[in-house]
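Residue-level listing of the chains:
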Amino acid sequence: MCLAGTMSQAGEVAPKDVKFTEDGAIAESLTGVAGDAANGAIIAGTKSKGNCVACHQVTALADVPFHGEIGPMLDGAGERWSEAELRGLVANAKMTFEGTMMPAFYKVDGFIRPGDAYTGKAGAEPLPPILTAQEIEDVVAFLATLKEE
Amino acid sequence: AAFAGADDDTLVVNEEIEMVTKTAAPAAVADALDEVMSGWHFRSDETQALQMDDFENPAMVFVDQAMDSWETVEGSEGKSCASCHDDVADSMKGVRAVYPKWNEEAGEVRTLAMQINDCRENQMGADKWKYTGGDMASMEALISVQSRGMPVNVATDGPVQAMWEKGKEMYYTRTGQLELSCANCHEDNYGNMIRADHLSQGQINGFPAYRLKNAKLNTVHARFKGCVRDTRAETYKPGSQDFVALELYVASRGNGLSVEGPSVRN
């Protein structure tokens, strides 16, 4: 039996099987399917998805209202980081920056008081990851396009 | 700048009550903060203005309603709050400032809401009010008004110390799938925008707070519940020992700020 959100497609790397390098990067694609940068941009700007703009300013998403200022500006992220590093950052930034405030988007257990999304009710681990494997790949593809500071 | 931290405005209510809205951090939090600040500083000029005059403050209608319930006889004992406490302006002056506080007889830390419900049940023989409900929020507002301008001064040691430590632990615990603690947002990032929200220090000296967003008075535990829910966590229950401990700790982070309740927030 599988819960919809935790179900992984054939050939996908499940959240528990992800291998991080010592520096927190993920070398291999999580799906083997190239990321769609345009879709990644939508995910990054959508509240119920990545909601990256809650914490980061991104010039490429200037049409999305209200960018937060918790994390660094993402302009130029595609220059500062390799694809593998970006994948690691989005899947679980705590593997790159110990103790960072940035949430892990491809992590399903080991939480304190895990909830059922934003209902405030208890959730049973493993939780569905916040983003699916392909959504992570799409966001990584989007970040890779952010070349200019 | 568009996203400047706290502003430098001064809060005087009714051209009369001068509020301390920024002050040196009390001992309990001096290791984490230099200065503690009221949430008022992080709101827009328009929202701030609503709190500067009781005729503008939308919370004041609830204070009037609570004044009526103060005088209303309810329950098996045929009593109202006024039967025992007479004039609220005298009997409740300074009360809000020291809550939550230790109740020796009951051997527990009591929030204002717990004390109010204790009086309803055990003194009046009346039903308890819902912990975060409208009757309770309004009565808390009426009682807060009697302490406006007085410094928050909750005890952190002696018999309350264990609860205070528990609250502190909760404040720094990163909950939910987003793994965020109160401190992540309200200690490390106050003054910063998180999406469209301007983060304050999450102080409770202004509670209960009228929020323009839901057009009602909001209690401390309802606010806590919302913030915990937003970490994609299982929330704690309003009125639970967990939230009582958290309230005690958070209140102590505002020791020295003026009691402002009922405040106005967006």
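Residues numbered from 1 in each chain as written. Chains lettered and ligands numbered in written order. Predicted model: local features only at pLDDT ≥ 70, side-chain atom pairs only at ≥ 80, totals over all residues. Heavy atoms only, no water.

**Student:** What is the right way to look at the nonpolar core in this model?
**Tutor:** Generally speaking, soluble globular proteins have nonpolar side chains that are buried together. All names here are of chain B. Residues Trp70 and Met139 are the most contacted members of the largest nonpolar core, which totals 60 residues. Breaking this core down by element, the ones donating at least two residues are helix H2 (60-71), helix H3 (81-85), helix H5 (112-124), helix H6 (134-145), helix H7 (161-171), strand E9 (209-211), helix H9 (220-229) and helix H10 (241-253). Here this core gets eight residues from one element, more than from any other, and that element is H10. Those residues in contact with Trp70, other than ones at most four positions away along the chain, are Ser80, Cys81, Ala82, His85, Asp86, Val88, Ser91, Met92, Met139 and Leu142. (Core = buried A, V, L, I, M, F, W, Y, C linked by side-chain atoms within 4.5 Å. Buried < 20%, exposed > 50% of the residue type's maximum accessible area, 1.4 Å probe, protein only. Helix = DSSP H or I, 4+ residues; strand = E, 2+ residues; numbered from the N terminus. Contact = heavy atoms within 4.5 Å.)

**Student:** Can you help me understand H2 of chain B in this one?
**Tutor:** Given 3.6 residues per turn, any residue in an α-helix points the same way as the ones three and four places further on. All names here are of chain B. With twelve residues, H2 should cover 16 Å at 1.5 Å per step; its first-to-last C-alpha distance of 17 Å lies within 8% of that length. Residues of H2 that are buried include every one of Met60, Phe62, Val63, Ala66, Ser69 and Trp70, and no others. For H2, the angular spread of the buried residues around the axis is 160°, confining them to a single face. Turned more than 90 degrees from where H2 packs its buried face, Asp64 and Asp68 sit exposed. Tucked into the core, H2 has its buried residues touching H3, helix H4 (88-91), H6, E9 and strand E10 (216-218). (Expected span 1.5 Å × (residues − 1). Arc of directions from axis to C-beta.)

**Student:** Got a minute to help me understand the layout of surface pockets in this structure?
**Tutor:** In this approach the atoms are scanned with a rolling probe the size of a water molecule, which exposes any empty space left behind. All names here are of chain B. The volume enclosed by the second largest pocket comes to roughly 370 Å³. Of all the secondary-structure elements, those providing two or more residues to the lining of the second largest pocket are H3, H5 and H6. By residue number, the principal contributor to the lining of the second largest pocket is H5, which donates eight residues. Each residue belonging to the lining of the second largest pocket can be placed in one class, and the counts come to 13 nonpolar, four polar and four charged. (1 Å grid on protein atoms, 1.4 Å probe; cavity = no way out; pocket = protein on both sides within 12 Å on 5 of 7 lines; lining within 4 Å. Points joined across faces, edges and corners; volume = space filled by probe spheres on them. Nonpolar A, V, L, I, M, F, W, Y, C, P; charged D, E, K, R; others polar.)

**Student:** Even after reading the chapter, I still don't get the interface of chain A and chain B, so can you show me in this structure?
**Tutor:** For interface size, the figure often reported is the accessible area lost on association. Tallying the contact residues gives 36 residues for chain A and 26 residues for chain B. Carbon and sulfur atoms supply 53% of the area that chain A and chain B bury against each other, a total of about 2600 Å² over both sides. The largest per-residue losses of area from chain A upon contact with chain B belong to Glu69, Arg113 and Tyr118 of chain A, which jointly make up 29% of the total buried on that side. Linking chain A with chain B are two salt bridges, by the criterion used here. Residue composition of the side of chain A that touches chain B, by class: 19 nonpolar, eleven polar and six charged. (Buried area = accessible area lost by both parts, 1.4 Å probe. Salt bridge = Lys/Arg side-chain N within 4 Å of Asp/Glu carboxyl O.)

**Student:** Quick question: what am I supposed to make of the sheet that holds E10 of chain B here?
**Tutor:** Sheets are built from strands paired through backbone hydrogen bonds, the pairs being either parallel or antiparallel. Residues and elements named next belong to chain B. With mixed pairing, three strands are arranged side by side in an open sheet as E10-E9-E11. Edge positions in the open sheet fall to E10 and strand E11 (263-265), since each of these has one partner strand only. The sheet shows a mean angle of 40° between the axes of neighbouring strands, direction not considered. Where E9 meets E11, three bridges bridge the pair, whose relative direction is parallel. Looking at E11, one finds that Ala209 is bridged to Ser263. (Pairing = 2+ DSSP bridges. Axes fitted to C-alpha atoms, helices over the stretch in contact; angles between N-to-C directions.)

**Student:** Explain a positive patch on the surface here, please?
**Tutor:** Together, Lys121 of chain A together with Lys130, Lys216, Lys225 and Lys237 of chain B give the surface a local cluster of positive charge. Within the secondary structure, Lys130 of chain B is located in the loop between H5 and H6. Accessibility expressed as a relative area gives 62% for Lys130 of chain B, which makes it exposed. (Patch = residues over 30% accessible without salt bridge, like charges linked within 9 Å, V, L, I, M, F, W, Y side chains within 5 Å. Areas by Shrake-Rupley, 256 points an atom, 1.4 Å probe, with all protein chains shown as cover. Lys, Arg positive; Asp, Glu negative; His and termini not counted. Charge placed at Lys NZ, Arg CZ, Asp CG, Glu CD.)

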